[in-house]
Amino acid sequence: MNFMSVSADAESTFTIGAEQNGEGRARNALLDRVMAPNWRKKSSNALRRGYMPSRGLTLVARNEFGSLIGTVRLWDVASENGKLGLLLGPLAVDDASKSSGVGSALMKAAISKAAELGHGAILLVGDAAYYERFGFSAGLTQQLSMPGPYEQDRFLGLELQKDALAGAAGVLVPSGRKLIANQHKNQLVG
């Protein structure tokens, strides 16, 4: 994905592009600042731990100085009955860049790139009021569940292809590429 420049207002310009090798530590530091260190203990992290993000679906936002100000990754998952999808998250934006359109731009880029790569659906756990504007709905996840504790009304889905989640049922499981031992040291999962 080529970098795209976004100007949210006269004072705020940022770019959205692929996360680069070696940016894992900066990304995790951003997540620690924005979400507190307990983000690693969330149920959705159980589906990411030990796995690599889906190919081509690690996106970041950088400010005009090149500093990382936002991040989102998507992960390959499957329902118990074999329906494939992506799990989005975490989506995070540096506090200094909140309300400047960074989160929305990351979401739109992630959805667009996932569709371009041929994925059928995206799932996430998050604030319905925020994610509904991108087309996510709790109605698409009624027969699905997450491993561990979560709030069902915050478990949302978006179909990128018609009926991609039709018949999907059961607990989600990871279905992506596993990290190899030395990758895990250099790329903290999350």
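Structure report, in brief. (Residues numbered from 1 in each chain as written. Predicted model: local features only at pLDDT ≥ 70, side-chain atom pairs only at ≥ 80, totals over all residues. Heavy atoms only, no water.)

### What about the overall build of the chain?
In plain terms, the rule: Numbering of helices and strands runs from the N terminus, with a helix taken as a DSSP run of H or I at least four residues long and a strand as a DSSP run of E at least two residues long. For every residue, the accessible area obtained with a 1.4 Å probe (protein chains only) is divided by the maximum for its type, and the residue is called buried under 20%, exposed over 50%, and partly exposed between those limits. Whether two residues are in contact is decided by their heavy atoms, any of which lying within 4.5 Å being enough. Working definition of accessibility: Shrake-Rupley area with a 1.4 Å probe, residue cover restricted to the visible protein chains.
Assigned secondary structure in the chain consists of five helices and 11 strands. Evaluated residue by residue, the chain yields a buried proportion of 47% over its 190 residues. Within the chain, contacts between residues separated by at least 24 positions form 66% of all contacts whose residues are at least 6 apart in sequence. As displayed, the chain offers around 9300 Å² of accessible surface, 50% of which is attributable to carbon and sulfur atoms.

### Some thoughts on the pairing of strand β4 (residues 68-78)
The test is simple: The rule for pairing is simple: two strands pair if DSSP sees at least two bridges between them.
Counting buried positions along β4 gives 11 out of 11 residues, so the element sits mostly inside the fold. Note: strand β3 (residues 58-63) against β4, five bridges, orientation antiparallel. When the sheet's bridge partners are listed, Val60 is paired in β4 with Thr71. Connecting the antiparallel pair β3 and β4 is a turn made up of four residues, with Gly66 showing a positive phi of about 90 degrees. Judged from the two bridges that link them, β4 and strand β6 (residues 92-93) form a sheet pairing that is antiparallel. Each bridged residue has a counterpart across the sheet, and for Gly70 the counterpart in β6 is Val93. The loop that links β4 with its antiparallel partner strand β5 (residues 84-88) comprises five residues; one of these, Gly82, has a positive phi angle of about 90 degrees.

### Some details on the pairing of strand β7 (residues 121-125)
Burial analysis of β7 places four of its five residues in the buried class, the great majority of the element. As defined by bridge partners, β5 adjoins β7 across two bridges and the pair is classed as parallel. Each residue of the ladder has a partner; that of Leu86, found in β7, is Ile122. Sheet topology note: the β7/strand β9 (residues 155-159) ladder contains five bridges and is antiparallel. Directly across from Val125, in β9, lies its bridge partner Phe155.

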